[in-house]
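Structure assessment
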Amino acid sequence: MSSNLAFAFGLLGNIVSFMVFLAPVPTFIQIYEKKSTEGFQCVPYVVGLFSAIMWIYYAFLKPDTTLLITINSVGCLIQTIYICFYLFYATRNARMQTMKILLLLNVVGLGLIVLLTQFLTEGLARTSIVGWICLVFSLCVFVAPLCVVRQVIRTKSVEYMPFLLSFFLTLSAVMWFFYGLLLKDYNIAIPNVLGFGFGVVQMVLYIIYKNAKKVVEEKLPEIQCQIIKIEDQEIPELKEQIIDIVKLSAIVCLEILPGVVPVVVPCLVDDYAVNLDREMKNMPSNETMKISN
């Protein structure tokens with residue numbers, strides 16, 4: 001009975017994990033349309049390829065784990081396609097950096113793990129060591145979304161955390177947890193407890209912040225209208241204040257300078273004020289603001 005349930009959960013895990021593997025497709029469609037990687041990082045796909053190969057290696061050492069081989073074989077194929085696609089459109093520096101990480105992790109690192117476990121260990125000890133390595137890397141993969149969670153809390157925007165991806169990651173963690181639990185394989189079950197926890201946190205954050213951006217966008221037109229109204233109300237007042245200042249300065253000048261003829265200067269000031277008033281009525285609002293400043 002437990003073996004049948006394990007097979008059912010493993011089959012469902014294959015289906016959900018396949019959908020998770022296809023999640024980055026929109027990103028690569030965008031790269032193809034723009035013919036540029038635009039600063040996207042290839043490290044997650046390199047690590048994903050390493051993790052998939054390690055789980056295949058572990059499945060060959062452990063009996064009754066065929067469903068691990070099937071999904072991770074598909075994962076290896078998809079991650080390899082992503083990496084090749086990235087390398088084709090990446091800049092020279094990004095391409096060289098990706099090749100270094102790829103060779104260091106998936107050739108040197110993987111080769112050392114296989115050689116050391118094959119020649120220095122045997123039987124259950126080998127399976128246990130490889131299982132622990134898979135467990136650690138799975139935990140690292142599940143901890144990675146913490147960066148996205150931090151960004152969501154800081155920006156109050158879920159733009160870079162799609163709900164469907166979080167949902168399928170959580171569902172995948174549930175399926176593989178019960179698969180490992182029914183097989184009594186805790187190397188499979190334990191990492192998915194953490195995966196389930198992070199998935200729930202991401203979905204809760206999505207529900208909290210999903211309307212935050214919409215509220216900001218709705219308030220922007222109202223704020224702009226208020227600014228325009230304030231400017232329309234203040235411009236006549238500013239023009240009157242400027243005219244009053246010109247008149248006041250002329251009166252002050254008359255008091256300070258005794259040689260000024262009192263009949264001519266006020267007339268000139270009044271004419272200047274009238275002309276200024278006419279010009280400012282015909283002047284656009286931005287230029288009026290500049291004069292007032």
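Residues numbered from 1 in each chain as written. Predicted model: local features only at pLDDT ≥ 70, side-chain atom pairs only at ≥ 80, totals over all residues. Heavy atoms only, no water.

Under an unreviewed UniProt entry, the name given to the protein is Bidirectional sugar transporter SWEET, and the organism recorded is Penstemon smallii. On record in UniProt, under Function (unreviewed entry), the comment for the protein is "Mediates both low-affinity uptake and efflux of sugar across the membrane." What the UniProt record of the protein gives under Sequence similarities (unreviewed entry) is the line "Belongs to the SWEET sugar transporter family." (UniProt positions renumbered as here; feature names shortened; annotations may be inferred.)

Side note on the overall build of the protein
What the protein contains, in helices and strands, is twelve helices and zero strands. N-terminal to C-terminal, the α/β element order of the protein is α-α-α-α-α-α-α-α-α-α-α-α. Taken across its 293 residues, the protein has 33% of its residues classed as buried. (Helix = DSSP H or I, 4+ residues; strand = E, 2+ residues; numbered from the N terminus. Buried < 20%, exposed > 50% of the residue type's maximum accessible area, 1.4 Å probe, protein only.)

Details of the UniProt feature "transmembrane region" (unreviewed entry) in the protein
With numbering matched to this structure, UniProt assigns "transmembrane region" (unreviewed entry) to residues 6–31, 43–61, 67–89, 101–121, 127–148, 160–182 and 188–209. From the first C-alpha to the last, residues 188–209 spans 32 Å; its make-up is 100% helix and 0% strand.

Quick word on unusual backbone geometry
Positioned with a positive phi, aspartate 64 is a non-glycine residue whose angle comes to about 60°. Secondary-structure assignment places aspartate 64 in the loop between α3 (43–61) and α4 (66–89). The exposure class assigned to aspartate 64 is exposed, which follows from its relative accessible area of 64%. Phi is positive for lysine 184, which is not a glycine, with a value near 60°. In this structure, lysine 184 sits in the loop between α8 (163–182) and α9 (186–209). Judged by relative accessible area, which is 66%, lysine 184 ranks as exposed.

What to know about a nonpolar patch on the surface
On the surface, Phe7, Leu11, Leu12, Ile15, Phe18, Met19, Leu22, Val25, Ile29 and Val74 cluster together into a nonpolar patch covering about 820 Å² of accessible area. For the nonpolar patch, the secondary-structure elements that each account for two or more residues are α1 (2–21) and α2 (25–34). Considering every element that reaches the nonpolar patch, the biggest residue donor is α1, with six residues. Along the chain, leucine 22 falls in the loop between α1 and α2. (Patch = residues over 30% accessible without salt bridge, like charges linked within 9 Å, V, L, I, M, F, W, Y side chains within 5 Å. Areas by Shrake-Rupley, 256 points an atom, 1.4 Å probe, with all protein chains shown as cover. Salt bridge = Lys/Arg side-chain N within 4 Å of Asp/Glu carboxyl O.)

Focus on α8
Between its first and last C-alpha atoms α8 spans 29 Å; for 20 residues at 1.5 Å apiece the expected length is 28 Å, and the two agree. Ser166, Phe168, Thr170, Ser172, Ala173, Met175, Trp176, Tyr179 and Gly180 are the residues of α8 that are buried. Among the residues trailing α8, lysine 184 stands out with phi positive, at a value near 60°. (Expected span 1.5 Å × (residues − 1).)

A word on the packing of aromatic side chains
Given two aromatic rings, their pairing is described by the distance between the two centres and the angle made by the two planes. For the structure on display, the rule yields 16 aromatic pairs. Their ring planes at 5° and their centres at 4.7 Å tell us that phenylalanine 28 and tyrosine 82 sit as a pair that is stacked. Of the two residues, phenylalanine 28 is situated in helix α2 and tyrosine 82 in helix α4; the sequence distance between them amounts to 54 residues. For tyrosine 82, a relative accessible area of 7% corresponds to the buried category. On the numbers, 5.2 Å between centres and 90° between planes, the contact of tryptophan 176 with tyrosine 179 is edge-to-face. In this pair, tryptophan 176 and tyrosine 179 both sit in helix α8, three residues apart, roughly one turn of the helix. For the pair shown, tryptophan 176 and tyrosine 179 are each scored as buried. Members of the aromatic cluster, each reached through a chain of ring pairs, are Phe28, Tyr32, Tyr45, Tyr82, Phe85, Phe88 and Tyr89. Between lysine 35 and the ring centre of tyrosine 32, over which it is positioned, the NZ or CZ distance is 4.3 Å. (Phe/Tyr/Trp six-rings, centres within 6.5 Å; stacked < 30°, edge-to-face > 60°. Lys NZ or Arg CZ within 6 Å of the ring centre and 35° of its normal.)

A word on the packing of α3 against helix α6 (residues 123–143)
Interaxial distance between α3 and α6 falls to 9 Å at its minimum, and their mutual angle equals 150°. Relative to α6, the element α3 is oriented roughly antiparallel. As α3 packs across α6, the resulting crossing turns out to be left-handed. Facing α3, whose interface residues are Val47, Phe50, Met54, Trp55, Tyr57, Tyr58 and Leu61, α6 presents Arg126, Thr127, Val130, Gly131, Ile133, Cys134, Phe137, Ser138 and Val141. Across the contact of α3 with α6, the residue classes break down as twelve nonpolar, three polar and one charged. (Axes fitted to C-alpha atoms, helices over the stretch in contact; angles between N-to-C directions. Parallel < 35°, antiparallel > 145°, perpendicular 65-115°, else oblique. Left-handed = near helix turned anticlockwise from the far one by under 90°. Contact = heavy atoms within 4.5 Å. Nonpolar A, V, L, I, M, F, W, Y, C, P; charged D, E, K, R; others polar.)

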